[in-house]
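# Structural overview
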Amino acid sequence: MENILEGISLALNFNALAGILLGIVLGQILGSIPGLTAAMAVALLVPFSFYFDPWVGIPMMLAMFKGSLFGSSIPAILLRTPGTPAAAATVIDGNPLARQGKGGKAMHTVLFASVFGDSFSDIVLIFGAGALAAVAIRFGPSEYAILVFFALLSLISLHRGSSWKGIVSITAGVLLACVGLDPITGTPRLTFGNAELFDGIGLIPMLIGFLAISEVFRQLEQPVRRLGERTMKFSSRPEDNRLSGKERRALLPTLLRSSAIGTITGALPGLGSTVAAFIAYNEARRTAARPEEFGKGSLHGIAAPEAANNAVGGSNLIPLLAFGIPGDVAAALILGALLIQGITPGPIAFRDNPAPIYAIFVAMLLANLVNYLVGLGFIPLAKKMVSVPKRLLFPAVLVLASAGAYAMRGSLFDVQLMFVFGLVGWIMAKYKFPSVLLLIGFILTPIFERSIRQTLILVEAADGWLAFVASRPVLMILLGALAILAVVVIRQRLKMNRYKLPQEPADSS
Amino acid sequence: MRVRPESIALGGLLAAAVVFGLWILPLDIGLSAAGEGTGLSPRFMPQLAAVGMVVALAWGLYRSFVAPPAAAGPNGDREGLARIPFGAWLICLAFAVFGFDLAGFYLGGICMAVLLTVLLGERRPWIIVLFPALLLAAIYLLFEFALNVRLPRFGLIPGLPI
């Protein structure tokens, strides 16, 4: 109880609230600019969070994600240009409704559904992560090694492209993470005598390079034109620019069902918010009283994918907070920000220092409220935000990214690395190699390597593998559970392939 | 039989991965006396990753022979690096390697933003001049005053605030 109160006081001070407000505002603005994906916007801002107190920087990061997810649906509705792949399903009904002059109603539906889905999964996270962490505290290195291996395996199997490309990406991430001094013996590895590499490759140049810079280069391949020139007419009738209480109540069953779909999908590593959005959309259409309205501006068709893709955001923090293992790029970015701030999530944090975890929970719930309130004021400004021309946006992103990469360690070498990773990420995207898997491989390698090498040392001391496994009942249970889960996940992938997903960057896995 | 370009590229990558695993890796990572056991070896993880990569690339090479060729898009296959993004990348890298070091971040950043804006098709002179200046002014205020971070300065004129 004392820890919960301490967590609440950490999250409820003025600075943390200011961080949440700033994060939401920045997230909504950046997310609504066509061409800036939610992950790209947050990756650009991760280095800046380091300069704030942890209890400003962390709530700001969490809030930025929530704000950018809502913001990224605005260009999906008004311009048919989803700010993030997860908003692609919102286009199907959001844009037709906006073309009827009801863009305001569509954006209010998105805001309501986003905050509903987000809050639903945050509540599940609050109860689920603690329970899982209580189990995870019994885990030794071998259990962790198995868990990380399974996470990597499921990410590969659920990636919507060739599995071999997933393996190449992950192993490349592992190799990049090996650069620097060996954590056990201190031997330099893959540094080739370059002193700049002795500390290893920085997470920030990796994140900005692969998520933001590569995305800029990818989008520069398209003809550069002023996206804002396409105008959208808005009806002046008040009922076309708001969501009534009756409409909100009618949406509740769809929102509950879609939030549950998003929460379950998000808790499994690798499935991601795009899959959740399309599953929820199809489920809403299947169970709708008037399915013929779908595709023509149905409010249920907007609410279902939005609630689901936002619900993924909360529940994909379950494996991160309970085990310290990120399930997707959003969780990887949040893990990066937490590590930069000196907080290592996982069962030990739950046992020894749970106050920051409770503070994160409170900050997430508060951010939902602020997201809703700020969003109400932001909707009228949305028309202007979608008209920033790319020919000015992208130079600004590249210069700002250079400053962010330099500022972290005061090293121009990091800026050079960032642009090299940007090129590599762009080429990977061109040939459909998932760079997100490379990033997750990079982030998970330290914990995987430490666990697997400690396990090998323990096995060498025991009487072989069989005796080692037999002496650890938790490991046996985990192996059995993971085998079952592997079968379920593979079946789900086969089922998932039946859904027709739109073309999107390889990063969206 | 005509060999596809992707098979040739994958073959090259596979050969590079094998050379890396068998030759470069042992050459670069020395083994101390303490590091010879499997669990203690500093080579363990990189070698595991190299093996995984070789297996995956071999699988990909096999797939490139047996899978049907991908259908060309409406504009045909767009292989190779596109001119504008690659040009933008060269400009960025040139400033990251030389420009920021020689001209400082702010002057270098203005030049970089001007070049990129022109490369991306902007032709109005006042936008080309004003936009980079405003952008770098905003970055200056953010870093120097809000975050208290000193970005590289123009070294040839001592005392210059940028």
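Residues numbered from 1 in each chain as written. Chains lettered and ligands numbered in written order. Predicted model: local features only at pLDDT ≥ 70, side-chain atom pairs only at ≥ 80, totals over all residues.

### Quick notes on the overall build of chain A
Note the threshold: Helix and strand labels come from DSSP, where a helix needs a run of H or I of at least four residues and a strand needs a run of E of at least two; each type is numbered from the N terminus. Any residue with 12 or fewer other C-beta atoms within 10 Å of its own C-beta is exposed, any with 20 or more is buried, and the rest are partly exposed; the C-beta atoms used are placed from the backbone. Here, residues touch in the contact sense if the C-beta positions derived from the backbone fall within 7 Å of one another.
A tally of helices and strands in chain A yields 21 helices and 2 strands. When each of the 509 residues of chain A is scored for burial, the buried share is 60%. For chain A, the proportion of contacts with a sequence separation of at least 24, taken over those separated by at least 6, is 81%.

### A short note on the overall build of chain B
Within chain B, the secondary structure is distributed over 4 helices and 0 strands. For chain B, the α and β elements follow one another from N to C terminus as α-α-α-α. Within chain B, the fraction of its 162 residues that count as buried is 28%. Considering only intrachain contacts with a sequence separation of at least 6, the fraction spanning at least 24 residues in chain B is 57%.

### Structural notes on the interface of chain A and chain B
Often, the extent of an interface is quoted as the loss of accessible area upon association of its parts. Selection criterion: Residues are grouped as follows: nonpolar covers Ala, Val, Leu, Ile, Met, Phe, Trp, Tyr, Cys and Pro; charged covers Asp, Glu, Lys and Arg; every other residue, Gly included, is treated as polar.
Of the residues lining the interface, 48 residues belong to chain A; the matching set on chain B comes to 49 residues. Among the elements of the structure, helix H7 (163-178), helix H8 (203-220), helix H17 (390-409), helix H18 (412-430) and helix H19 (435-461) of chain A are those that each provide at least two residues to the side of chain A that touches chain B. No other element matches H17(A), which puts 12 residues into the side of chain A that touches chain B. Residue composition of the side of chain A that touches chain B, by class: 32 nonpolar, 8 polar and 8 charged.

### Describing the domain arrangement of chain B
Rules: Where a domain begins and ends is set by an automatic assignment or by a domain database.
Domain parsing of chain B yields domain 1 (5-66) and domain 2 (83-146). Each of domain 1 of chain B and domain 2 of chain B has a C-alpha centre, and the two are 39 Å apart.

### Observations regarding helix H5 (residues 88-136) of chain A
One turn of an α-helix holds 3.6 residues; hence residues three or four places apart share an orientation. This is how the line gets drawn: Expected span, for any helix, means 1.5 Å times one less than how many residues it has.
An ideal rise of 1.5 Å per residue puts 72 Å on 49 residues; H5(A) reaches only 36 Å between its terminal C-alpha atoms. Buried residues dominate H5(A), accounting for 38 of its 49 residues.

### Some points on the packing of H5(A) against helix H11 (residues 299-315) of chain A
Short version of the rule: Here an axis means a line fitted to C-alpha atoms, over the contact stretch when the element is a helix, while the angle between two N-to-C directions is reported on a 0 to 180 degree scale. For any helix crossing, the convention is left-handed if the near helix is rotated counterclockwise from the far helix by under a right angle, and right-handed if that rotation is clockwise.
The N-to-C vectors of H5(A) and H11(A) enclose an angle of 35°; their axes lie 5 Å apart at closest approach. The way H5(A) lies across H11(A) gives a crossing that is right-handed.

### Topic: helix H4 (residues 125-146) of chain B
Residues and elements named next belong to chain B. Applicable threshold: Read the arc as the range of directions from the helix axis to the C-beta atoms.
Between its first and last C-alpha, H4 extends 31 Å over 22 residues, near the 32 Å set by a 1.5 Å rise per residue. For H4, every residue scored as buried is listed here: Phe 131, Pro 132, Leu 136, Ile 139 and Phe 143. Looking down the long axis of H4, one finds its buried residues gathered within 115° of arc, a one-sided arrangement. Turned more than 90 degrees off the buried face of H4, the exposed positions are Pro 125, Trp 126, Leu 130, Leu 134, Ala 138, Leu 141, Phe 145 and Ala 146.

### Notes on unusual backbone geometry
Note on backbone geometry: most residues besides glycine have negative phi, and most peptide bonds are trans. Residues and elements named next belong to chain A. A positive phi angle is found at Leu 190, which is not glycine, with a value near 55°. On the secondary structure map, Leu 190 appears in the loop between strand E2 (188-189) and H8. Its 20 C-beta neighbours within 10 Å are what place Leu 190 among the buried residues. For Phe 192, which is not glycine, the phi torsion reads 50° and is therefore positive. Positionally, Phe 192 belongs in the loop between E2 and H8.

### A word on the nonpolar core
Applied cut-off: A set of buried Ala, Val, Leu, Ile, Met, Phe, Trp, Tyr and Cys residues, joined through C-beta atoms within 7 Å, is what we mean by a nonpolar core.
One finds A:Ala43, A:Leu207, A:Ile208, A:Leu333, A:Ile334 and A:Leu439 to be the most contacted residues of the largest nonpolar core, which totals 203 residues. Tallying contributions element by element places H5(A) first for this core, with 20 residues. Counting the residues that make up this core, at least three belong to each of domain 1 (5-66) and domain 2 (83-146) of chain B.

### Considering the packing of H17(A) against helix H3 (residues 83-119) of chain B
Rule in force here: Roughly parallel means an angle under 35 degrees; roughly antiparallel, over 145; roughly perpendicular, 65 to 115; everything else is oblique.
Taken N-terminus to C-terminus, the directions of H17(A) and H3(B) make an angle of 160°; their axes are 9 Å apart at the nearest point. Put simply, H17(A) runs roughly antiparallel to H3(B). The hand of the H17(A)/H3(B) crossing is left-handed. In this structure, H17(A) uses A:Arg391, A:Leu392, A:Pro395, A:Leu398, A:Val399, A:Ser402 and A:Ala403 to contact H3(B), whose residues at the interface are B:Cys92, B:Ala96, B:Phe105, B:Gly109, B:Met112, B:Ala113, B:Leu116 and B:Thr117. Considering only residue class, the contact of H17(A) with H3(B) consists of 11 nonpolar, 3 polar and 1 charged.

### Some remarks on the confidence of the model for chain A
Residues and elements named next belong to chain A. Selection rule: Each residue carries a pLDDT score, the predictor's own confidence in it, on a scale running from 0 to 100.
Considering every residue of chain A, the mean pLDDT works out to 82; 89% of them sit at 70 or more. Per-element confidence in chain A ranges from a low mean pLDDT of 68 for helix H16 (residues 382-385) to a high of 93 for H18. Segment residues 226-231 is flagged for pLDDT under 50; beyond a separation of four residues in sequence, or across chains, it makes 11 contacts in the model. Here residues 500-509 is modelled with pLDDT under 50, and outside its nearest four sequence neighbours on either side it reaches 31 contacts, counting other chains as well.

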